[in-house]
Amino acid sequence: VETEVVDCDVIVIGGGVSGCAITSELVKNGMDVVLVESGSANAYQDPVHQERARWWRAANFSAFARRYETVPQAGLNNRTLPVWIGNGGGGTGNINACLWVRGLREDYERDWSFWDIADIEESFQAVEDAYGIEEAPPSATVGIASIDMLRKGG
């Protein structure tokens, strides 16, 4: 087994949406970062990941997805549920139809009154600004946007 020593400030484990976002921010703040991902850095380029409508195929038949089962769920008559984990650059965002949807203001005010809607909308806007989202393109995934954001950040 060959060992390589890498000098860095931070190691980020996982090149999914969160891993790419935090890596980008750390690099922008002058830190030396190593991003470790178990799969291909180019997973998001696989054709099966290019259309949100094909996410089920990506999750079930892609080399970039790992499928697990939950423990038996009492509320589901002890059935198990499938859970998919993305493997590769863009992570699970490549396989789970990672759509960006804002909640309705009325839902937050009525059902989730412990959240301040103004703060939430501010956070929504910050994410949309970071990704350059004005209107979601029809064939993009969050995984692809995460990789693009990481590349722009250095």
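Criteria and cut-off values
Residues numbered from 1 in each chain as written. Predicted model: local features only at pLDDT ≥ 70, side-chain atom pairs only at ≥ 80, totals over all residues. Heavy atoms only, no water. Patch = residues over 30% accessible without salt bridge, like charges linked within 9 Å, V, L, I, M, F, W, Y side chains within 5 Å. Areas by Shrake-Rupley, 256 points an atom, 1.4 Å probe, with all protein chains shown as cover. Salt bridge = Lys/Arg side-chain N within 4 Å of Asp/Glu carboxyl O. Helix = DSSP H or I, 4+ residues; strand = E, 2+ residues; numbered from the N terminus. Buried < 20%, exposed > 50% of the residue type's maximum accessible area, 1.4 Å probe, protein only. Expected span 1.5 Å × (residues − 1). Arc of directions from axis to C-beta.

A. Examining a nonpolar patch on the surface more closely. Together, I11, I13 and V36 make up a nonpolar patch on the protein surface, roughly 310 Å² of accessible area in all. By secondary structure assignment, the location of V36 is in strand β2 (residues 33-36).

B. Spotlight on the pattern of salt bridges. Throughout the structure, instances matching the rule amount to two salt bridges. In this structure, K28 engages E25 in a salt bridge whose closest nitrogen and oxygen atoms are separated by 3.5 Å. Here E25 and K28 lie together in helix α1 (residues 17-28), a separation of three residues that amounts to about one turn. For K28, a relative accessible area of 53% puts it in the exposed group. For E25, a relative accessible area of 39% puts it in the partly exposed group.

C. Local environment of helix α4 (residues 117-131). Helix length check: α4, at 15 residues, gives a terminal C-alpha distance of 21 Å against a target of 21 Å (1.5 Å per residue), a fit within 8%. All buried positions along α4 are accounted for by I117, I120, F124 and E128. All buried residues of α4 fall inside an arc of 75° around its axis, so they share one side. In α4, the exposed positions that point more than 90 degrees away from the buried face belong to E122 and D129. After α4 finishes, the residue G132 shows a positive phi value of roughly 70°.

Taken by themselves, the reported measurements are silent on function.
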